[in-house]
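# What the coordinates show
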Amino acid sequence: MADVVSRYLSFLGAGTGEDIAGLFAADAVVEDPVGGQVLQGRDALTSFYSRVTAAENSAELLTLRMAGNSAAFHFRVVTTTEDQVITIEPIDVITFDDHGLITGLRAHWSAEDVHTVTR
């Protein structure tokens, strides 16, 4: 599970939507953020993560906890644009199947957690 979390964060910074979606089971569900639209299936996840990876991002793991078939991790994503640096530190909770694929991801963050600095 720790390896999948590591690859997930690496792909957020330097991967593609297909790379990230490949970490998920075919019928996986993502709720990012919690309370937002629920996405299901690899095609929907590829589309979602392709939008995320189109930006210049870096991602850093801050804390990881694992128990049973799930992991919770606090991490930092920094997105740099021509005129802004956007930082967010969500806490994601993910579940895994017996093959080590992600079956569900719930991202805990809100607009108040997004910090923007003009360059």
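Quantities reported herein were computed from a predicted structural model and do not represent experimental measurements.

### Here's the deal with the pairing of strand 6 (residues 91-96)
Strand residues, when the strand is regular, have side chains that alternate between the two faces of the sheet. Judged by which residues are buried, strand 6 turns out to be one-sided: Asp92, Ile94 and Phe96 face inward and are buried, whereas Ile91, Val93 and Thr95, on the alternate face, are not. Pairing analysis gives five bridges linking strand 4 (residues 70-80) to strand 6, with the strands arranged antiparallel. From the neighbouring strand, Ala71 faces strand 6, where its bridge partner is Ile94. As paired strands, strand 6 and strand 7 (residues 102-108) are joined by six bridges and run antiparallel to one another. Note that in strand 7 the partner of Ile94 across the bridge is Leu105. The antiparallel pairing of strand 6 with strand 7 creates a hairpin that spans five residues between the two strands, and Gly100 there sits at a positive phi of about 80 degrees.

### A few points about the pattern of salt bridges
As enumerated under the stated definition, the model contains four salt bridges in all. Two residues, Glu60 and Arg76, come together in a salt bridge whose shortest N-O distance is 2.7 Å. You can see Glu60 sitting in strand 3 (residues 56-67) and its partner Arg76 sitting in strand 4, a full 16 residues away along the chain. Here Arg76 falls in the partly exposed class, since its relative accessible area comes to 26%. In this structure, a network of salt bridges that share partners links the residues Glu60, Arg76 and Glu89.

Cut-offs applied
Numbers given to residues run from 1 along each chain, matching the order in which its sequence is written. Restriction of local features to residues with pLDDT of at least 70 applies here, the model being predicted, together with a cutoff of 80 or more for giving and counting side-chain atom pairs; totals for whole chains, interfaces and linings are based on all residues. Remark: hydrogens and water are excluded; side-chain values derive from all non-hydrogen atoms of the structure. The classification of residues rests on relative accessible area computed with a 1.4 Å probe and restricted to protein chains. Under 20% of the type maximum is buried, over 50% is exposed, and intermediate values are partly exposed. Numbering of helices and strands starts at the N terminus; helices are DSSP runs of H or I of at least 4 residues and strands are runs of E of at least 2. Here a strand pair is declared whenever DSSP counts at least two bridges between the two strands. We count a salt bridge whenever a side-chain nitrogen from Lys or Arg sits within 4 Å of a carboxyl oxygen from Asp or Glu.

Fair warning: the whole summary comes from geometry, so function is off the table for now.
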